[in-house]
Amino acid sequence: MKKFSLAIMYQSSFSERDMTRFGTNILSNFFDLYLIDCSGFVKKNENVFEAQFLSQSSNNLIFKNYKTIKKFLDKINLTFYIDLLGSDIQSFKTRRLLKNKSVLRIKLSLGMLPWVKDNIGIITRLNNLRKAGNFIDKLFNQIFTRLLSKFEPSIDIQISSGSACQKSTSPHVNNIWTHSFDYQEFIEKKSCSDSNYKDIGEYALFIDQYAPSHPDYSFHGNNPPVSEDKYYKSLNKFFDYFEEKVGFNIVIAGHPKRNEKSNYCWNNRKQIIGNTSQLISQSSIVLTHYSTAISFAVLNRKPILLITTDEYINSYRRQQFYGFSEALNLDILNVDQYNEFEVTHEIFRVNEKVYSDYEEKYIRSKLSKSNDIWKHVSEYLINIKSS
């Protein structure tokens, strides 16, 4: 048994990829580590992610409600917890319980996404909420969450990457400055051979977000922002034009949660799942909506073309497009309304100043001195409790 213990408490899926991104192997060298699945807080009769962890280790634990997690937390001496919980009442009660036990609350701000304030009226806001689905439940939850937030336990430690995180940090919070998950993957793969996809030839890369069918929509009770038929029809029509115009093919970086056999969506274009960062590093240009993987394009100084559809830009997700557009000083190309003058050699230009500024704000702050997120975080946490 180690001197200190740490729990990662989450409500959404926690895949093998997440195990790597959260450095569970490193954290377990410093702490008694618990992975606590609280998805039962919002899915009362099922745990949709249960099968992922049954074979991992005895410290991967699944709880259906507050009563069962309280019983467990009363038995252990927990030092820290990384808070990936939601805004429901059971999560609120769990945070209060941990506060009363003097367990330090850690919030992550690793790779914040750019955001622009939407100066719209209440009617438009309500309409966007309606588009997301389950309107009454969501409206109630937003009101309820605002009330609960006034009584939320304070954050004790914030792990921050880019300087944009400063806007959401209280002066009473211990700040650990490091870099984003994507930057960690970038430096780890930088020394790897870049010959994996040379046989493809020159290509443009589209970063798939599984927009019509992402399983998280169902989990969070949201409607997909686009319909399957319209979305793929619009994209493939534009991809045909783009390939003819630039003279090389588009490769699809399939979303990690997509079925590998689903490349039929792309009119037989090559789809590769599971190596987005390396695909970006070897591409000539990156086409995307608002994927977090844009970080890899920035780090590799690849040209970026932001694309949308009529459906997508008019959905409740539109602010994500505007955020990236402003942060990267890029126009948004609507594939349902484009003209030939929007696809020229200009789209292959990279503005070094803009990319460098984006990297500092959202990927790795100048305040960061670490080479490994979780080794740095572990040493910092231990120092807090030991001093």
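Quick caveat, the model's predicted, so the values are computed rather than measured.

**Overview of the overall build of the protein**
What the protein contains, in helices and strands, is 15 helices and 13 strands. The burial tally for the protein puts 52% of its 387 residues in the buried class. Across the protein, contacts joining residues at least 24 apart in sequence account for 74% of those joining residues at least 6 apart. Surface exposure of the protein reaches about 19,500 Å², of which carbon and sulfur atoms provide 49%.

**Overview of the sheet that holds strand β3 (residues 60-62)**
Read from one edge of the open sheet, seven strands run β3-β2-β1-β4-β5-β6-β7, paired in parallel fashion. Both outer strands of the open sheet, β3 and β7 (174-177), are each paired with one neighbouring strand and no more. Each neighbouring strand pair of the sheet contributes to a mean axis angle of 25°, computed without reference to strand direction. Direction of pairing for strand β1 (residues 5-10) relative to strand β2 (residues 32-37): parallel, over a ladder of six bridges.

**A closer look at the pattern of salt bridges**
Across all of its chains, the model carries 16 salt bridges by this definition. R258 is the salt-bridge partner of D208, the closest N and O atoms lying 2.6 Å from each other. Placement of the pair is D208 in the loop between β8 (203-207) and α8 (215-219) and R258 in the loop between β9 (249-254) and β10 (271-273), with a sequence separation of 50 residues. The pair formed by D208 and R258 is uniform in burial state, with each residue classed as buried. The residue E379 makes a salt bridge to K375 at a minimum N-O spacing of 2.7 Å. You can see E379 and its partner K375 sitting in helix α15 (residues 373-386), four residues apart, about one turn around the helix. Taking relative accessible area as the criterion, K375 reaches 41% and is therefore assigned partly exposed.

**Quick look at the confidence of the model for the protein**
Here the protein averages 85 in pLDDT, while 83% of its residues score no lower than 70. Mean pLDDT across the secondary structure elements of the protein bottoms out at helix α5 (residues 122-132), with 62, and peaks at strand β11 (residues 285-288), with 98. Counting contacts from residues 45-58, a segment whose pLDDT is below 50, to residues more than four positions away or on other chains yields 25 contacts.

**Overview of the environment of E346**
Looking at where E346 falls in the secondary structure, it is placed in the loop between β13 (332-334) and α14 (352-362). A relative accessible area of 41% places E346 in the partly exposed class. The sequence separation of E346 and P303 amounts to 43 residues, and the corresponding C-alpha distance is 9.6 Å. For E346, the side chain forms a polar contact with the side chain of R349, separated by 2.8 Å.

**Things to note about the side chain of S283**
Take S283: it is sitting in the loop between α10 (276-281) and β11. Reaching out from S283, the side chain makes a polar contact with the backbone oxygen of I280 at a distance of 2.8 Å.

**What to know about the environment of T178**
Considering the arrangement of structural elements, one finds T178 in the loop between β7 and α7 (181-189). Since its relative accessible area comes to 0%, T178 is described here as buried. With 189 residues separating them along the chain, T178 and L367 place their C-alpha atoms 7.7 Å apart. A polar contact of 3.0 Å, which involves the side chain of T178, links it to the side chain of S370.

**Quick look at the sheet that holds β10**
Here six strands make up an open sheet; going across it, the order is β10-β9-β8-β11-β12-β13 and the pairing parallel. Each of the sheet's edge strands pairs with one partner strand only, and the pair in question is β10 and β13. Across this sheet, the average inter-strand angle for adjacent strands is 30°, counted without regard to direction. Bridge count for β9 against β10 is three bridges, and the pairing is parallel. Across the sheet, A253 pairs through a bridge with I272, a residue of β10.

**A look at unusual backbone geometry**
Here R301, not a glycine, exhibits a phi torsion of approximately 55°, which is positive. Along the chain, R301 turns up in the loop between α11 (294-299) and β12 (304-308). Residue N329 is not a glycine yet carries a positive backbone phi of 55°. The topology assignment puts N329 in the loop between α13 (318-328) and β13. Overall, the relative accessible area of 58% leaves N329 in the exposed class.

Cut-off values and rules
- Residues numbered from 1 in each chain as written.
- Predicted model: local features only at pLDDT ≥ 70, side-chain atom pairs only at ≥ 80, totals over all residues.
- Heavy atoms only, no water.
- Helix = DSSP H or I, 4+ residues; strand = E, 2+ residues; numbered from the N terminus.
- Buried < 20%, exposed > 50% of the residue type's maximum accessible area, 1.4 Å probe, protein only.
- Contact = heavy atoms within 4.5 Å.
- Areas by Shrake-Rupley, 256 points an atom, 1.4 Å probe, with all protein chains shown as cover.
- Pairing = 2+ DSSP bridges.
- Axes fitted to C-alpha atoms, helices over the stretch in contact; angles between N-to-C directions.
- Salt bridge = Lys/Arg side-chain N within 4 Å of Asp/Glu carboxyl O.
- pLDDT = per-residue confidence, 0-100.
- Polar contact = N/O pair within 3.5 Å; in protein donor to acceptor, adjacent residues only side chain to side chain.

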